[in-house]
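Structural features, examined
Each chain is listed here by its residues.
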Amino acid sequence: MAAPAATGHFALSVYTLAWRELVRFFRQRNRVTGAFLQPVIFWALFGAGLSASFRPDVGAAGVGYAEYFFPGIVVMILLFTAIFATVSVIEDRREGFLQGVLVAPVSRGAMVMGKLVGGTLLATLQGAIFLLLGLTQDIAFTPANVAALFGVMLLLSFALTGLGFIFAWRMESTQGFHAVISVLMLPMWLLSGAFFPAAGAPAWLYWTIQLNPLTYGMALTRHALYLDPAKSSAPGVPGPELALGVTVAFALVMFALSYKIAGRRVAGDLA
Amino acid sequence: MVSSATTQPEPATAAASGAGAAVEVSGVSFRYGDRLALDGVSFSVPRGEIFGLLGPNGSGKTTLFRVLSTLIPPQSGTLAILGKDLARETFAVRHRIGVVFQAPSLDKKLTAQENLIHHGHLYGLRGADLKERCRKLLDRVGLLDRANERTETLSGGQRRRVELAKGLLHEPDVLILDEPSTGLDPGARRDLMTYLRSLSREGVTCLLTTHLMEEAESCDRLALLCQGKLAALDTPDALKARIGGEVVSVNVREPEGFAARVQERFGVSPQVVDGVVRIERTDGPRFVAELAEAFPGQIEAVRVGRPTLEDVFIRLTGHRFWEAQSETDAAAKDKSKKKGR
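Residues numbered from 1 in each chain as written. Chains lettered and ligands numbered in written order. Predicted model: local features only at pLDDT ≥ 70, side-chain atom pairs only at ≥ 80, totals over all residues. Heavy atoms only, no water.

What about the state of the cysteines?
The term disulfide refers to a covalent linkage connecting the sulfur atoms of a pair of cysteines. All names here are of chain B. The cut-off we apply is this: Any pair of cysteine sulfurs within 2.5 Å is marked as a disulfide. Burial here depends on accessible area, computed with a 1.4 Å probe over protein chains only, as a share of the maximum for the residue type. Under 20% is buried, over 50% is exposed, and the range in between is partly exposed.
Tallied over the entire structure, the rule returns 0 disulfides over all chains. As a non-bridged cysteine, Cys219 has Cys206 as the owner of its nearest cysteine sulfur, 9.2 Å distant. By relative accessible area, which is 4% here, Cys219 ends up buried.

Next comes the structure, spelled out in C-alpha cells:
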C-alpha cells in the first residue's frame, strides 16, 4: 500500500470528521427539532412579552425590542449549537469511537479541526435557518449583509465550538458538561449585550460585559445585520473593527487551546 | 501476591526472530502512577504469526495492547513494528497496523459502509478504490447485505465483524486485537480464529490479547503474562509439554495436611490451589491407584487430565488463573473507590 505522507491527508481527515458530525446530528431527530424550536419559542415569548416594558436605547432608529433581541437570538443559537456539538467529544470517548480516531494516522490538528469545523457548520446552518424569521421584521436583507452575517456566524461558531471543546475534552460525563453550560455559557450570553445593552448598567456589570469576548461577537453580528454603524452603534457596543479584531483573536485562541488540550490523554481513553 | 514459581522467558525465542520481525518488543515497562503495569517485557513476533498475549485481567496485556496500538506512548523500553520505531515513527507505524478494540469503536448512527468509508478517509484512502475495499471486506465478513444499515441495528457479533473489517480496511501488515472474541458466541469465536488463520496465511501478523484458554490454544505462540511480567513464551503444545504426563487433582477435607503427607510418602511436590491438591505425574492413572491405596477413605474426588494451559499458568505463577484475575479486579476496584469516581 502506498502510504500517504504523515499529514498528507489533512483536508480529507477534516472533511470526513466534520461530515460525520453533520450526519450524526441529522440522524438524531430530537436534536434537530430541539435546536430549532427552542430559539423560536424564546424569541417569540421574550420579544413579545418584554417589548412593552423595555425600551433599549439602541441606535438612532430606535428599533423595537423584538428587533433588538433578534441578533441576540442568532448568537444564542450559535452558542448553544456550537457548544452542544462538542458534547459529541464526550460521547465519542464514552462510546469508544474516539479510540479509533486516536490510533489513526491523523494529526492532532486535523482531529481538532474536524471537530471544530463540524460544530461550526452545524451552528451556522441553524443560525441561517433562524435568519429566515428575520423576514418578519423590518430588517432589510441584501446579498451584502447576508454574506456578512454568514462570515460572522462561521467565525463566531468556530470560536464557540473551540470553547466547548476545551471543556468537553477532559470530561467523562455529559452531566458535568451541562453544569459548565449553565454556570458559564448562559451568563456569557446574558452579559454579551444580547439580552440588554451595556449602556446604563452598573459599572461592575458594564465592565464584565466589556471583558466578555462574546460581547464582541454579539456586536459584530449586529454590525453585520445592518451594515450601517449608524443603526448598530450605541454606547457600550464595540465598533465594527474592534469587534472583528477581538472575535478573530477569540477564535484563534480557542483553536490553539483546543489543540493543546487534545494532546493529553485522559482517564476515559484508558477505561 | 508473591509469585514464587515465576520462570524467566526463553531468551532463545527472542534471538531466533531477528531483523525481519513484525513486532519487536524489548524491555518495555509501563506504570500508571505508582502501579507497575508492565515490567521489562521483551518478545519478538515473526511475520505471519498468530501471537497471543494470555493473561488474567491486570496482567498487563491490555496496557501492552494500548502501547502497541499507539493509543498511549511508551514510557521505557523500545517497540518496533516492521522495523519502524513506534515512538519516533508513530505515523508510519499507524499506517501499517490495524487495530481492533475490545470496546466497540463504531459510530452507531452511521451505517456499516459509512463507518468504513469514514475510517478509510482517516487513513488517506478515497474514491472508487475505497468503495471497492469496503465492498470486498463487507463481503468477506459476510455483511454485504447489511452494508447500508446503521450499526446500532446490527447484532453484537455482526458489529464485531464490522470492527474487524474496519481494522483491515487499509490492508495492514500487522493486526492488533484486544480480546477479539468478547461478546461472541462459541461458533462466532471459531469463525474468528479461522478468519485470522486465513489472514496469517496471506502474511498478516495477528497479535491478540486473550484470557480465554481455548482461544489461546489456537495461537501459533503464546506469551503468558502475569503481573506485568512475561512468565513464559512458547507454542501452546510446548507450554503444555513442560508439564510432562498428567495433572492429578485431588479433593480432600484438609488439603494442606494431605499435600504434606503425599510429599512425604511419594517424594513429589504437590501444590494446593483453591483447596485442591494438584500433583503433576507422568503416570497419572497408576498414581491415582497408589494414592487411593496409601490414603484410604481420605480422598473425596480425584481427576486426572492432560495438562491445560491453565495448568501451565498455575505451574508458572503459583496462581489459579481466575484467582489472579479476581485479586487484581478487587485491587482495581479499591483503587477507583479511592479516586472517588
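Thoughts on the side chain of Thr221(A)
All names here are of chain A. Selection rule: Secondary structure follows DSSP: runs of H or I at least 4 residues long count as helices, runs of E at least 2 residues long count as strands, and numbering of each begins at the N terminus. Whenever a nitrogen or oxygen atom comes within 3.5 Å of another N or O atom, the pair is scored as a polar contact, on the condition that within protein one atom can donate a hydrogen and the other can accept it, and that pairs from neighbouring residues in sequence are kept only if both atoms are in side chains. Any two residues whose heavy atoms approach within 4.5 Å are treated as being in contact.
For Thr221, the location among the structural elements is in helix α10 (residues 213–226). Since its relative accessible area comes to 2%, Thr221 is described here as buried. A distance of 2.7 Å separates a polar side-chain atom of Thr221 from the backbone oxygen of Gly217. If we skip the residues at most four places from it in the chain, Thr221 touches Pro71, Val74, Val75, Leu149, Val152 and Leu156.

Examining unusual backbone geometry
Excluding glycine, a negative phi dihedral is what most residues carry, and trans is how most peptide bonds are arranged. A positive phi angle is found at Leu227(A), which is not glycine, with a value near 50°. Secondary-structure assignment places Leu227(A) in the loop between α10 and α11 (229–232). Here Glu179(B), not a glycine, exhibits a phi torsion of approximately 45°, which is positive. Mapping Glu179(B) onto the fold places it in the loop between β7 (174–178) and α7 (186–201).

Some remarks on helix α5 (residues 127–140) of chain B
All names here are of chain B. Selection criterion: Every helix has an expected span of 1.5 Å times one less than the residues it contains. Arc definition: directions from the helix axis to the C-beta atoms.
In a regular helix each residue adds 1.5 Å, so 14 residues correspond to 20 Å; α5 covers 20 Å between its end C-alpha atoms and thus fits that length. Regarding α5, the residues found buried are Leu130, Arg133, Cys134, Leu137 and Leu138. Across the axial projection of α5, the buried residues extend over an arc of 125°, all falling on one side. The exposed residues of α5 that point more than 90 degrees off its buried face are Ala128, Lys131 and Lys136. Summarising the contacts, the buried residues of α5 are in contact with α4 (112–122), α6 (156–168) and α7. The first or second residue beyond α5 is Gly142, which carries a positive phi of 75°.

Quick word on the packing of aromatic side chains
Spelled out, the test is: Between rings of Phe, Tyr and Trp, where Trp is taken as its six-membered ring, a pair exists when centres lie within 6.5 Å; planes separated by under 30 degrees are stacked, by over 60 edge-to-face, and by other angles tilted. Two conditions define a charge located above a ring, namely a distance within 6 Å from the ring centre to NZ of Lys or CZ of Arg, and an angle within 35 degrees of the ring normal.
All chains considered together, the criterion is met by 12 aromatic pairs over all chains. Where Phe25(A) meets Phe26(A), the ring centres are 5.2 Å apart and the plane angle is 85°; that geometry is what we call edge-to-face. Using a relative accessible area of 44% as the deciding quantity, one classes Phe26(A) as partly exposed. Here the basic side chain of Arg93(A) rests over the ring of Trp169(A), its NZ or CZ set 4.5 Å away from the ring centre. A cation over a ring is seen here: Arg265(B) above Phe266(B), with NZ or CZ 5.3 Å from the ring centre.

Points about the interface of chain B and chain A
To be explicit about the condition: Buried area: the accessible surface (1.4 Å probe) lost by two parts on joining, summed over both. Salt bridges are defined by distance alone: a side-chain nitrogen of Lys or Arg within 4 Å of a carboxyl oxygen of Asp or Glu.
With 32 residues of chain B at the contact, the number on the chain A side is 34 residues. Counting the surface lost from both chain B and chain A, the interface buries some 3,100 Å², and carbon and sulfur atoms represent 63% of this. Looking at the side of chain B facing chain A, the largest losses of area belong to Leu71(B), His118(B) and Leu122(B), adding up to 21% of the total buried there. Between Asp107(B) and Arg24(A) there is a salt bridge, with its nearest N and O atoms 2.7 Å apart.

Read these as geometric descriptors, not functional statements.
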